[in-house]
Amino acid sequence: TDPRDQARFGEMIPVSNATTLFAPSGRPGPVQAIKLGGVGDVTKTHVVWQIERGKGHRDCSSQILWKDLLYAADNNGFLTCYDSNTGKVVFNERLGNAKSLASPVALQGKLLFLMDDGETLVIEPGRKLNIVGRNKLDGDQTELDFGASPAIADGKLYLRSQRYLYCIGTRGKS
């Protein structure tokens, strides 16, 4: 098969606000902002911006949109924050040595990024990277152990590894 065919798909899900769809490519392709609405081929009329990402950036997790900022963590441990109105890179900084495979979630005004080694980074949303917490599960987690996206239900955070399901919350309260 042609290696260029692999670059034409991605694993993540686009995110949107009331006016725009943000569509990343999981392989070395671009991130696009596409104005919602329209009929037929809207390539020339509805692409608000398109950013070609640097070599080596490959997203597996979905992006997360917080107000006017779009966050994308990659499999090299970098977090890129884009201005959702312009596509301009606000920051591109390393989160750590682990990969980000799971899609992030928002909880109590913070963004949670689960890394593949079981560490969860708590990010204060903003125009500068502000890691306000790092939580590492005890045990013998290894690389690629955590690839499933976190789930939130009844006030509890659920994290799934290759071997276990973790429930984090206050016991007996929902």
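Bear in mind that the values here come from a model prediction, so they are computed numbers and not experimental data.

## Considering the nonpolar core
And then number 1: In terms of nonpolar packing, the biggest core is built from 15 residues, with Tyr 71, Leu 79, Leu 95, Phe 113 and Ile 123 touching the most fellow members.
And then number 2: Contact partners of Leu 79, with chain neighbours within four places excluded, come to Tyr 71, Ala 72, Ala 73, Phe 91, Asn 92, Glu 93, Leu 95, Phe 113 and Leu 129.

## Observations regarding the pairing of strand 6 (residues 69–73)
And then number 1: For strand 6, the tally of buried residues reaches five of five residues, placing the bulk of the element in the interior.
And then number 2: Alternating positions in strand 6 separate into two faces, Leu 69, Tyr 71 and Ala 73 on one and Leu 70 and Ala 72 on the other, with burial throughout.
And then number 3: With three bridges connecting them, strand 5 (residues 64–66) and strand 6 associate as antiparallel partners. When the bridges of strand 6 are listed, Trp 66 appears paired with Leu 69.
And then number 4: Here strand 5 folds back onto strand 6 in antiparallel fashion, the turn holding two residues, of which Lys 67 has a positive phi close to 55°.
And then number 5: As judged from the five bridges shared by strand 6 and strand 7 (residues 78–83), these two strands associate in the antiparallel manner. Note that in strand 7 the partner of Leu 70 across the bridge is Tyr 82.
And then number 6: Once strand 6 ends, the chain turns through four residues before running back antiparallel as strand 7, passing Gly 77 with a positive phi of about 85°.

## Some remarks on unusual backbone geometry
Comment: phi is negative for the bulk of residues other than glycine, and the bulk of peptide bonds are trans.
And then number 1: One non-glycine residue, Lys 67, lies in positive phi territory at about 55°.
And then number 2: Relative to the assigned elements, Lys 67 resides in the loop between strand 5 and strand 6.
And then number 3: Backbone geometry at Gln 108 places phi at a positive 50°, although glycine is not the residue there.
And then number 4: Counting through the fold element by element, Gln 108 comes out in the loop between strand 9 (105–107) and strand 10 (110–114).

## A few points about the sheet that holds strand 8 (residues 89–94)
And then number 1: An order of 5-6-7-8 is seen for the four strands of this open sheet, with the pairing classed as antiparallel. Taken across any chain shown, the strands that pair with only one partner, and hence form the sheet edges, are strand 5 and strand 8. On average, each strand axis in the sheet is tilted by 20° relative to the strand beside it, whichever way the strands run.

## Some points on the sheet that holds strand 15 (residues 165–168)
And then number 1: Pairing in this open sheet of three strands is antiparallel, and the strands run 13-14-15 from one edge to the other. Looking at the sheet topology across the chains shown, the edges are occupied by strand 13 (151–153) and strand 15. Neighbouring strand axes in the sheet, compared pairwise and without regard to direction, differ in orientation by 25° on average.
And then number 2: Bridge count for strand 14 (residues 156–160) against strand 15 is four bridges, and the pairing is antiparallel. Directly across from Leu 159, in strand 15, lies its bridge partner Tyr 166.

## A closer look at the side chain of Thr 20
And then number 1: Here Thr 20 is to be found in strand 2 (residues 20–24).
And then number 2: Reaching out from Thr 20, the side chain makes a polar contact with the side chain of Thr 19 at a distance of 3.1 Å.
And then number 3: When neighbours within four sequence positions are excluded, Thr 20 is seen to be in contact with Val 15, Ala 33, Ile 34 and Leu 36.

Cut-offs and rules
Residues numbered from 1 in each chain as written. Predicted model: local features only at pLDDT ≥ 70, side-chain atom pairs only at ≥ 80, totals over all residues. Heavy atoms only, no water. Core = buried A, V, L, I, M, F, W, Y, C linked by side-chain atoms within 4.5 Å. Buried < 20%, exposed > 50% of the residue type's maximum accessible area, 1.4 Å probe, protein only. Contact = heavy atoms within 4.5 Å. Helix = DSSP H or I, 4+ residues; strand = E, 2+ residues; numbered from the N terminus. Pairing = 2+ DSSP bridges. Axes fitted to C-alpha atoms, helices over the stretch in contact; angles between N-to-C directions. Polar contact = N/O pair within 3.5 Å; in protein donor to acceptor, adjacent residues only side chain to side chain.

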